[in-house]
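# Structural features, examined
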Amino acid sequence: MKETLRLHPPIPLLLHEAAADSVVSGYSIPRDSRVMINVYAIGRDGSVWSEPDAFKPGRFMESEAPDFRGSDFEFLPFGSGRRSCPGMQLGLYAMELAVAKMLHCFDWELLEGVGSGELDMTDMFGLTAPRATRLIAVPSYRLKCPMVI
Ligand code: HEM
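Thresholds, definitions, all that
Residues numbered from 1 in each chain as written. Predicted model: local features only at pLDDT ≥ 70, side-chain atom pairs only at ≥ 80, totals over all residues. Heavy atoms only, no water. Donors = N, O, S within 2.8 Å, 3.2 Å for Na, K, Ca; no water. Helix = DSSP H or I, 4+ residues; strand = E, 2+ residues; numbered from the N terminus. Salt bridge = Lys/Arg side-chain N within 4 Å of Asp/Glu carboxyl O. Buried < 20%, exposed > 50% of the residue type's maximum accessible area, 1.4 Å probe, protein only. UniProt positions renumbered as here; feature names shortened; annotations may be inferred. Near = heavy atom within 4 Å. Polar contact = N/O pair within 3.5 Å; in protein donor to acceptor, adjacent residues only side chain to side chain. Nonpolar A, V, L, I, M, F, W, Y, C, P; charged D, E, K, R; others polar.

## Focus: the coordination of the iron atom of the ligand
In this structure the iron atom of the ligand is ligated by exactly one protein donor, C85 (SG), at 2.3 Å. Within the element layout of this structure, C85 appears in the loop between α2 (39–43) and α3 (88–105).

As structure tokens, then:
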């Protein structure tokens, strides 16, 4: 889930306003400026992520792996600071539950003739960033007991 949030943050651009005059990396930002934080680009920045475009969930098993709660600025799927996401925990539970149920209850196949390496993982940019090309996957129910959904 963390690696998916890094590569495909649901909200790719954060819109903020500077509350005070400030200087960031030598650039002066006057008070009341509108500031856009490109979470998508930050998550794929080759100067902080090795193989930034590769899907490697194991990178988050490292002891130095960044946290997603907003204190590590290279990974900001829920934003940071006073306006960060108040629904973070609920969002994480919902994602975990949905993925766990889908994996536990179904076997999944791609359409005939489509290989997993051929999936188009391009994002579509707007207020949120859904897939540009819909994923078509075919579930088959695999549990014997109907009570276990
Ligand atoms: C995986 C799921 C979610 C992700 C990735 C996500 C991400 C974000 C991000 C990036 C922001 C903007 C933070 C910023 O500008 O610094 C935000 C704001 C917000 N989110 Fe979420 N969110 C998720 C789920 C939820 C849920 C489940 C709720 C409510 C039930 C929620 C409610 C809000 C609200 C109210 C704000 C605006 C906070 C403010 O402006 O002070 N989010 N979220």
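## Overview of the pattern of salt bridges
For side chains bearing opposite charge, pairing can occur when the charged atoms are close. Going through the model one piece at a time under the given rule, you end up with 6 salt bridges. With a shortest N-O distance of 2.7 Å, R6 and E3 are connected by a salt bridge. Of the two residues, R6 and E3 both sit in helix α1 (residues 2–7), 3 residues apart, roughly one turn of that helix. For the pair R6 and E3, one class covers both residues: buried. Between D53 and R44 there is a salt bridge; the shortest N-O distance is 3.3 Å. By relative accessible area, D53 is classed as exposed at 56%. Each of E3, R6 and R59 takes part in a single network of salt bridges with overlapping partners.

## Here we look at the UniProt feature "binding site: heme" (unreviewed entry) in the protein chain
Following the UniProt record, the feature "binding site: heme" (unreviewed entry) maps to C85 here. By relative accessible area, which is 34% here, C85 ends up partly exposed.

## Notes on the site of the ligand
The ligand sits among 16 residues. The nearest are H16, P77, F78, R83 and C85. The contact in question runs from an oxygen atom of the ligand to an N or O atom on the side chain of H16, over 2.7 Å. Within the contact set of the ligand, an oxygen atom lies 2.7 Å away from a side-chain nitrogen or oxygen of R83. For the shell around the ligand, the secondary-structure elements that each account for two or more residues are β1 (13–17) and α3. Considering each element in turn, the shell around the ligand owes the most residues, 3 residues, to α3. Looking at the shell around the ligand residue by residue, the classes come out as 9 nonpolar, 6 polar and 1 charged.

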